[in-house]
Amino acid sequence: MSAKTKIIVLHMKEIIYTIIFAILAVILILLLIFMFRPGQHSKSGSKKIYTPGIYTSELTLNNADLEVEVTVDESSIQSIRFTNLNDTITTMYPFIEPAIEDIARQVYEEQSFDHIKYSSSTPYTSQLIVNAIQDALKKAGTTE
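Keep in mind it's a predicted model, so treat the numbers as computed, not measured.

**Q** Sorry if this is basic, but what is going on with the nonpolar core here?
**A** Nonpolar side chains in soluble globular proteins tend to be buried together. Counting residues in hydrophobic clusters, the biggest one holds 28 residues, and the most contacted among them are V70, I80, I129 and I133. Those elements that provide at least two residues to this core are β1 (53-61), β2 (64-72), β3 (77-83), α3 (96-110) and α4 (123-139). In this view, I133 contacts V68, V70, I80, I103 and F113; residues no more than four positions away in its chain are not counted.

Quick look at the structure:
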């Protein structure tokens, strides 16, 4: 009985390349599994509340018309802007600009009208501003 011994020569460089390619293949497979897993296409916790777009509403203050533009995406309010806000209106109603900024800031932070705090100096104007924003959001398809 003769036993023949076989000698296999492996180069260290080939072993290292093989290990690296095997690790990259495993990472690629895991990445593809996580990316194309069914039921993971929507953002977690976000639901479609609005129809994306720019919606307007009018606010009348002593025969002066202001237009409220509300920009929304599917789940949040992106911007609130007042057009036709000229010097005549700001002169007649000096607290309207701070009220607009305060209400807009609160709406951005809360994304809701539930906890809006009205300024003590402009409660009625603030309520008119909130009503105009809510009217624009009703056009966007909100339930608020």
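**Q** So what exactly am I meant to see when it comes to the packing of α3 against α4 here?
**A** The relative placement of two packed helices is expressed as an angle between their axes plus a distance between the axes. For the pair α3 and α4, the least separation of the axes is 10 Å and the interaxial angle reads 50°. Between α3 and α4, the crossing angle belongs to the class labelled oblique. Seen along the crossing, α3 lies across α4 with a hand that is right-handed. Listed contacts from α4 to I96, A99, I100 and I103 of α3 are T125, S126, I129, V130 and I133. Grouping the amino acids of the contact of α3 with α4 by side-chain chemistry returns 7 nonpolar, 2 polar and no charged.

**Q** How do you make sense of α4 when you look at a structure like this?
**A** Residue pairs three or four apart in sequence face the same way in an α-helix, which turns once every 3.6 residues. Taking 1.5 Å per residue as the helical rise, α4 with its 17 residues ought to reach 24 Å, and the 25 Å between its terminal C-alpha atoms agrees with that figure. Those residues of α4 that sit buried are S126, I129, V130, A132, I133, A136 and L137. Across the axial projection of α4, the buried residues extend over an arc of 160°, all falling on one side. Exposed and oriented more than 90 degrees from the buried face of α4 are Y124, K138 and K139. Buried residues along α4 sit in contact with β1, β2, β3 and α3. Count one or two residues on from α4 and you reach G141, which has phi positive near 95°.

Parameters and conventions
Residues numbered from 1 in each chain as written. Predicted model: local features only at pLDDT ≥ 70, side-chain atom pairs only at ≥ 80, totals over all residues. Heavy atoms only, no water. Core = buried A, V, L, I, M, F, W, Y, C linked by side-chain atoms within 4.5 Å. Buried < 20%, exposed > 50% of the residue type's maximum accessible area, 1.4 Å probe, protein only. Helix = DSSP H or I, 4+ residues; strand = E, 2+ residues; numbered from the N terminus. Contact = heavy atoms within 4.5 Å. Axes fitted to C-alpha atoms, helices over the stretch in contact; angles between N-to-C directions. Parallel < 35°, antiparallel > 145°, perpendicular 65-115°, else oblique. Left-handed = near helix turned anticlockwise from the far one by under 90°. Nonpolar A, V, L, I, M, F, W, Y, C, P; charged D, E, K, R; others polar. Expected span 1.5 Å × (residues − 1). Arc of directions from axis to C-beta.

Treat this as a map of the structure, not an account of what it does.
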